[in-house]
Amino acid sequence: MNRSTRCRITASFVAEPIEQALGFIMHEALGIDVTVEFSDFNQVFQEALDPASGSSGNNSGLNLFLIRPEDLSKEKLTTKLADDLVSALSELSERSNARLIVAFCPHRNRTPGDNQWVAKVVKRLSEKTGVTCLAENDLVGHISVEDRFDDESEIQACIPYTE
């Protein structure tokens with residue numbers, strides 16, 4: 001017997017190319033038929049803070065935030081940015097009954113300081129009820145590939161997707 005759920009995806013990059021793979025994995029591995037929706041390109045804070053957003057209105061499914069912190073700020077990742085992100089996502093988790101998963105995705109130019117920033121945010125968000133956080137190693141630590149990054153994919157990930 002298959003179950004079904006709604007998955008609202010918000011990403012700091014173009015995430016639409018994962019739709020089919022996510023649907024396949026959810027169906028084959030978990031027996032869940034998933035209806036995937038995407039928020040607009042790089043609208044992480046807007047989606048989390050807006051009480052009328054699709055994520056806020058998702059009361060029975062899954063809200064998945066895919067974040068490369070470097071996409072949120074063109075300058076250094078600051079304590080204020082961390083506080084703002086934790087606050088926005090915490091507000092969303094309190095407003096919506098959907099399960100919130102926050103995944104911090106790899107980025108080519110991540111520095112040791114950026115890794116510390118991510119670790120602090122993951123720790124703070126993981127303390128929230130209804131929030132699951134995944135750091136880069138949780139996502140790709142077990143995958144063996146020579147180069148996770150290529151210039152063409154990086155360019156494409158920053159172009160807003162339209163049909």
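Our structure is the block above this text.
What this report covers is the structure whose coordinates are included nearby. (Residues numbered from 1 in each chain as written. Predicted model: local features only at pLDDT ≥ 70, side-chain atom pairs only at ≥ 80, totals over all residues. Heavy atoms only, no water.)

1. Structural notes on helix α1 (residues 19-30)
Two residues of an α-helix separated by three or four positions point the same way, owing to the 3.6 residues in each turn. So the rule is basically this: Here a helix means four or more residues in a row that DSSP labels H or I, a strand means two or more in a row labelled E, and each is numbered from the N terminus. Helix span is expected to be 1.5 Å times the residue number reduced by one.
With 12 residues, α1 extends 16 Å between its outermost C-alpha atoms, agreeing within 8% with the 16 Å of an ideal straight helix rising 1.5 Å per residue. G31 sits one or two positions beyond α1 and adopts a positive phi of about 70°.

2. Focus on the environment of V44
Cut-off, in case you're wondering: In what follows, a contact means two residues having at least one pair of non-hydrogen atoms within 4.5 Å.
Among the secondary structure elements, V44 is positioned in helix α2 (residues 44-49). As a C-alpha pair, V44 and L85 span 41 residues in sequence and 8.7 Å in three-dimensional space. For V44, the contacting residues outside a window of four places in its chain are T10, A11, S12, F65, I67, L72 and L85.

3. Regarding the sheet that holds strand β5 (residues 131-134)
Rules: Here, strands pair whenever DSSP counts at least two bridges between them. Interaxial angles span 0 to 180 degrees and are taken between N-to-C directions of axes, which are lines fitted to C-alpha atoms, for helices over the stretch in contact.
In spatial order, the strands read β2-β1-β3-β4-β5; together these five strands make up an open sheet with parallel pairing. Pairing within the sheet leaves two strands with one partner each, and these edge strands are β2 (32-38) and β5. Sheet twist, expressed as the average angle between the axes of neighbouring strands with direction ignored, equals 20°. Strand direction decides the pairing type here: strand β1 (residues 3-11) and β2, joined by seven bridges, are parallel.

4. So, unusual backbone geometry
To keep things clear, this is the line we draw: Buried means the residue's accessible area, taken with a 1.4 Å probe over protein chains only, is under 20% of the maximum for its type, while exposed means over 50%, and partly exposed covers the values in between.
At N42, a position not held by glycine, the phi torsion is positive, near 55°. With respect to the helices, strands and loops of the structure, N42 is situated in the loop between β2 and α2. N42 sits in the partly exposed class, given a relative accessible area of 24%.

5. A short note on the pattern of salt bridges
In plain terms, the rule: We count a salt bridge whenever a side-chain nitrogen from Lys or Arg sits within 4 Å of a carboxyl oxygen from Asp or Glu.
Counted under the stated rule, the structure contains seven salt bridges. For the salt bridge of K80 with D84, the shortest nitrogen-to-oxygen distance reads 2.9 Å. Of the two residues, K80 and D84 are both situated in helix α4 (residues 79-95); the distance of four residues between them amounts to about one turn of the helix. Residue K123 pairs with E127 through a salt bridge whose shortest N-O separation is 3.1 Å. A network of salt bridges, in which partner residues are shared, links R6, R8, E37 and E47.

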